[in-house]
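If you want the building blocks of each chain, they are given just below.
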Amino acid sequence: MPYERYRRGTIATVMSTDLNSMANNALVVAAADYDNSAGGTGDGFTMAEYEGFFQFGTSPTAGTGLSGWWLSTPDGTNREDGSTTITPARAPDFIFPVRAVTTVQRIVMDAPLPPGAVRMLLKNDATGQALVASANTVKIRPYTYDGV
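Structural notes, computed from the coordinates.

Conventions used here
Residues numbered from 1 in each chain as written. Predicted model: local features only at pLDDT ≥ 70, side-chain atom pairs only at ≥ 80, totals over all residues. Heavy atoms only, no water. Helix = DSSP H or I, 4+ residues; strand = E, 2+ residues; numbered from the N terminus. Rg over C-alpha atoms; globule rule 2.2 N^0.38 Å. Buried < 20%, exposed > 50% of the residue type's maximum accessible area, 1.4 Å probe, protein only. Contact = heavy atoms within 4.5 Å. Areas by Shrake-Rupley, 256 points an atom, 1.4 Å probe, with all protein chains shown as cover. Pairing = 2+ DSSP bridges.

Some details on the overall build of the protein
Summing up its helical and strand segments, the protein has zero helices and ten strands in all. Along its sequence from the N terminus, the protein presents helices and strands in the succession β-β-β-β-β-β-β-β-β-β. On C-alpha atoms alone, the protein measures out to a radius of gyration of 16 Å, which is about the 15 Å that the 2.2 N^0.38 rule sets for 148 residues. The C-alpha extent of the protein, read off along each of the three principal axes, is 55 × 40 × 25 Å. In the protein, which comprises 148 residues, the share counted as buried stands at 38%. Contacts spanning at least 24 positions in sequence make up 84% of the contacts within the protein whose residues lie at least 6 apart. Counting every atom, the protein has about 7500 Å² of accessible surface; 52% of that belongs to carbon and sulfur.

As C-alpha cells, then:
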C-alpha cells in the first residue's frame, strides 16, 4: 500500500558572520547563493525548516522580528530588487518573530524554498535593537514529500 513521507536534505548555514552586530532596521545579504536546483545543495526541494539563532544585547521590541526574502534571478542574470539599502516591495518569504528578552532565541519554522540559485536577504525589522557581535545564524534544511 503506498504512503507519503518526508525526504529531508542536508542542513546548511545560509547566514552567520553576516549577522554580527546587525543594527535595527539593517538589511544584510548572504555572501553566496543557495543552490536549490536539482542536484544542487537543496536538490530542488520545495520546502525547508528554517532555524534562526539570535541574541540581542538589549531586549528587542515585542511583536517584531527579522524578515527574510529569497532574492532570485529568473533570467539567470538579473537579481530582483533587494539589497543592503533596498527593502523588497513584496511581502517577506518568512519572518522570525522575536521575544523581548536578551537570552538566546532559537526560532524554527517551515516555509517554502524557491527553485534555482537564490540569495537570502534578512532585515532586522523594527526590533529597536542590534544583534550581539557573534553566534547569530540562519540555517535551513530542505525537505519534500515522497510518495512510496
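Further notes follow.
A closer look at unusual backbone geometry
Residues other than glycine seldom take positive phi values, yet Ser21 does so here, at roughly 55°. The residue Ala135 is not glycine, and still its phi comes out positive at about 75°. Topologically, Ala135 is positioned in the loop between strand E9 (116–125) and strand E10 (137–147).

Side note on the environment of Thr85
When you line up the elements, Thr85 lands in the loop between strand E6 (65–72) and strand E7 (94–97). On the accessibility criterion, Thr85 (68% relative accessible area) is exposed. Considering only alpha carbons, one finds Thr85 and Ala26, 59 residues apart in sequence, at a separation of 8.2 Å.

Considering the pairing of E7
The two faces of E7 differ: Phe94 and Phe96 on one face are buried, but Ile95 and Pro97 on the other face are not. Across four bridges, E6 lies against E7 in antiparallel orientation. Note that in E7 the partner of Ser67 across the bridge is Ile95.

Coordinates in, geometry out; function isn't part of it.
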